[in-house]
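# Survey of secondary and tertiary structure
Each chain is listed here by its residues.
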Amino acid sequence: MYSEGGSFMKGMLLGGIFCIVATLLSSFNFGHQQHTDHHNHHHVNAPSKEELLRLPEHKRIELSQNIRVYCVILVEPKELAYWAAVRETWSKHCDKAEFYSSEEVKVFESVSVETKDPWIMLRKALKHAFDNAKDHKWYFIARPTTFAIIENLKYLLLNKDPDQPFYLGHMVKSGDLEFIELSGGIVLSTEALKRLVGVLGDSSKCPEQGRMIWKLPEDKELAVCLKYTGVFAENAEDTEGKDIFNTKSVNTLINEAMAETPQEVAESCCSDVAVTFNGHSPNNMHVMMFGVYRLRPFGHKFHDSLVFLPPKDSDND
Amino acid sequence: MAMMSSRRSFFLGFMVGTCTLYFFLTQVPLNKNFFHKMNLPVTSKNKAVVENENLNWRVDGPALINLEHPHLKGEDSRVADDIYNKVRILCWVMTGPANLEKKARHVKATWSRHCNMVIFMSSTDDPNFPTIGLDTKEGRDQLYWKTIRAFHYLEQHHFNEADWFLKADDDTFIVVDNLRLVLANYTPDEPIYFGKRFRPFAKQGYMSGGAGYVLSKEALRRFVEGFRTNVCSHTSSVEDLALGQCMEKMGVLAGDSRDSLHRETFHPFVPESHLTGKFTKSFWYWNYCYYPVVEGPQCCSDLAVSFHYVSAELMYILEYYTYHLRAYGYQYRYNPGLPENYARLPAHKDTEQESGKNNSLDAHLEKTV
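Residues numbered from 1 in each chain as written. Chains lettered and ligands numbered in written order. Predicted model: local features only at pLDDT ≥ 70, side-chain atom pairs only at ≥ 80, totals over all residues. Heavy atoms only, no water.

## Some remarks on the confidence of the model for chain B
All names here are of chain B. Our working definition: Confidence per residue, as judged by the predictor, is encoded in pLDDT with a range of 0 to 100. Two residues form a contact once any of their heavy atoms are found within 4.5 Å.
Counting all residues, the mean pLDDT for chain B is 87, and 85% of those residues have values of 70 or more. Counted against residues more than four places away or in other chains, residues 351–369, with its pLDDT under 50, gives 13 contacts. Across the assembled chains, the prediction reports ipTM 0.87 with pTM 0.84.

Have a look at this one:
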């Protein structure tokens, strides 16, 4: 009986030590892997001032007028407050903003896709967008909890060819799959969407119920289908390498910067030409419109190489 | 038989030990950051940052004199630089010992860097922050005493170093560049002061304390003169009203700080309240405002000057929105130019600023290239 107790104690001790060692090893490995991942992912940058100035002025004006963004916004009736906020704020800066809802709602105009399944909803919305695109070359997919600055999106896309396959946003790696997180907004070029629509009917490559036994979130399903057509996710960054698509809110990012770099919080938290933030309340979106499109310090001018005009019927920009 | 059971209990003990430690480790946040930080060489970044801070300010006792007007990446700052020299603002921030780390520190790290000079005023001296001790107690009933002593201090020690004297709380956010635009149409020898104008209790109204107010040089001189001649005294602890009544007695005009579209620039609440809030009909604000209240987006000028009740987090958020985040290439709807009287203002290039500027001239050139 004594020897039993003794072996039990020995076992416990060994088990504890084993656990600590395993945790230490795994966190070192994890840290290391994250570091190399950061350098190995594919990324796309906003054009630098030099790159833009290389184009003659008439070409720049032509490009800034010809970039047309079709916004695909996926909503549900229970998110009415966010839906209203998006309608009244940033979506006015899309060349075309179409709201796709799970069911028809009396209060707001939308295209009803008659399904609550997020993956089927995304498929139907993208098919509808492609069929109705006309001369829109770029597609921006968002949920109503996301806030987007379309001018900064156009700046990113200015020197990119929409007849090439582009699939951009805040990229995340999950196992072998690199995908764009929907909460930070997804950008597809005309060519990428064309390829996707081409494979939607193929149930061996891109089935409605998903390829896994369990359901993957719709942004992962999208990545899988696009991968079959040779379209790969790329992380979008500004000229300094900062992410411009954010899956967090300004508040969260500022709080993180207050802890990590307290002497230069506003300088280091986020990109100056950020395209998206996620998780702002409807009221906060109105504050962001004021912050982005109106509030500024007098006397500081930027001689940007492009000009974007304010949209009609809008009073907070 | 004995061997079997001792091996079994060893195995059991092993499982128990692993599970207990696992739960223990997940309860205590021993995450990868902890190990990451252990590996990093400590303080090399912090050291550079402290040196950076010393490059921005020249510390002269409790006064922080701005050596270099902060510039934004890739900007053309000619207008901002010119107006910085012609409309010199000394900012004083009313704070207290309990709020230095909680609030005043964030003011120091954000908007106060855009003042020509800033002084933090407290009830007691603190040479490290630095703050001046006004020799008062702490508390709401001390607010007017602090204000009186602060302005007397400024008149005594810094009268000729600025054109305008701004008072702010440690939870007020000020866009100093936009304040310069408001003041650019006036000269510092005019007896006038600006802020969020309230209507009651004074014929010409008075300026809200929390939203910040700014006195011309002449207004400051008259304030101090009023106390010397006993025209003004500590009539109440309601700092903003009492000061407003003194201003009225001394013939200092309550100015109109609204922009060219008659939109308010000084705001007594946070942006969210003004932009999206619906004040109830019985709310005191409706009766207090000197000018008509506007709810919704037109409440506030694009070139807003102040907001109040701003938390530490919101200070940085507003700094990010004002000075960093923008829509590339966007043509603003509202584009006021410099006012007509601006041409009358002389530029001030005193030797302090000159020598400070020369030291950082190379750094400045490097940044703008």
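## Some details on the UniProt feature "domain: Fringe-like glycosyltransferase" (unreviewed entry) in chain B
Defined as follows: UniProt positions are given in the numbering used here, feature names are shortened, and annotations may be inferred rather than shown by experiment. Only DSSP runs of H or I reaching four residues or more are called helices, and only runs of E reaching two or more are called strands; each is numbered from the N terminus.
Within this structure's numbering, the places UniProt gives as "domain: Fringe-like glycosyltransferase" (unreviewed entry) are residues 99–264 of chain B. Along residues 99–264 of chain B, the helical share is 34% and the strand share 19%, with 29 Å between the first and last C-alpha atoms.

## Focus on the state of the cysteines
The following threshold applies: In what follows, a disulfide is any cysteine sulfur pair within 2.5 Å.
Tallied over the full model, the rule gives 6 disulfides over all chains. Two residues share a disulfide in this structure: Cys 206 of chain A and Cys 225 of chain A, whose sulfurs sit 1.9 Å from each other. Taking the sign of the S-S torsion, about 95° here, the bridge from Cys 206 of chain A to Cys 225 of chain A comes out right-handed. With a gap of 19 residues between them, Cys 206 of chain A in the loop between α7 (190–200) and α8 (218–228) and Cys 225 of chain A in helix α8 connect regions that are remote in the sequence. The residue that forms a disulfide with Cys 232 of chain B is Cys 246 of chain B, at a sulfur-sulfur distance of 2.1 Å. Given an S-S torsion of about 90°, the disulfide between Cys 232 of chain B and Cys 246 of chain B has right-handed geometry.

## Here we look at the interface of chain B and chain A
Note the threshold: Just to be clear on terms, a salt bridge is a Lys or Arg side-chain nitrogen sitting within 4 Å of an Asp or Glu carboxyl oxygen. Here a polar contact is recorded for every N or O atom pair within 3.5 Å, except that within protein the pair must consist of a potential hydrogen donor and a potential acceptor, and residues adjacent in sequence are included only if both atoms are side-chain atoms. Gly is placed with the polar residues, together with every amino acid not listed as nonpolar (Ala, Val, Leu, Ile, Met, Phe, Trp, Tyr, Cys and Pro) or charged (Asp, Glu, Lys and Arg).
Contacts between the two partners involve 74 residues from chain B and, on the opposite side, 77 residues from chain A. Our enumeration of links across chain B and chain A arrives at 6 salt bridges. Across the contact surface, chain B and chain A share 33 residue pairs in polar contact (both at pLDDT 80 or more). For the side of chain B that touches chain A, the element with the most residues is helix α1 (residues 2–27) of chain B, which contributes 13 residues. Among the residues making up the side of chain B that touches chain A, the classes are represented as 37 nonpolar, 21 polar and 16 charged.

## Comments concerning the side chain of His 158 of chain B
All names here are of chain B. Quick note on the threshold: A 1.4 Å probe rolled over the protein chains alone gives each residue an accessible area, and that area as a share of the maximum for its type sets the label: buried under 20%, exposed over 50%, partly exposed in between.
Tracing the chain through its elements places His 158 in the loop between α6 (143–157) and β6 (164–169). Judged by its relative accessible area of 6%, His 158 falls in the buried class. Setting aside residues no more than four positions away along its own chain, His 158 makes contact with Ala 63, Leu 90, Met 117, Ile 119, Tyr 153 and Phe 165.

## A closer look at the pairing of strand β3 (residues 89–94) of chain B
Walk down a regular strand and you will see the side chains alternate between the two sheet faces. Residues and elements named next belong to chain B. As a reminder, the rule being used: Pairing between strands is defined by DSSP: at least two bridges between them are needed. By convention, orient the strands away from the viewer: a clockwise path from the first strand over the helix to the second makes the crossover right-handed.
Burial analysis of β3 places 6 of its 6 residues in the buried class, which makes it a mostly covered element. Two strands pair when backbone bridges link them, and β3 and β6 are joined in this way by 6 bridges, in the parallel orientation. Across the sheet, Ile 89 pairs through a bridge with Trp 164, a residue of β6. In terms of strand pairing, β3 meets strand β4 (residues 117–122) through 5 bridges, oriented parallel. Its bridge partner lying in β4, Cys 91 is registered against Val 118. Assessed by its sense of winding, the connection that carries the chain from β3 through helix α5 (residues 100–109) to β4 is right-handed.

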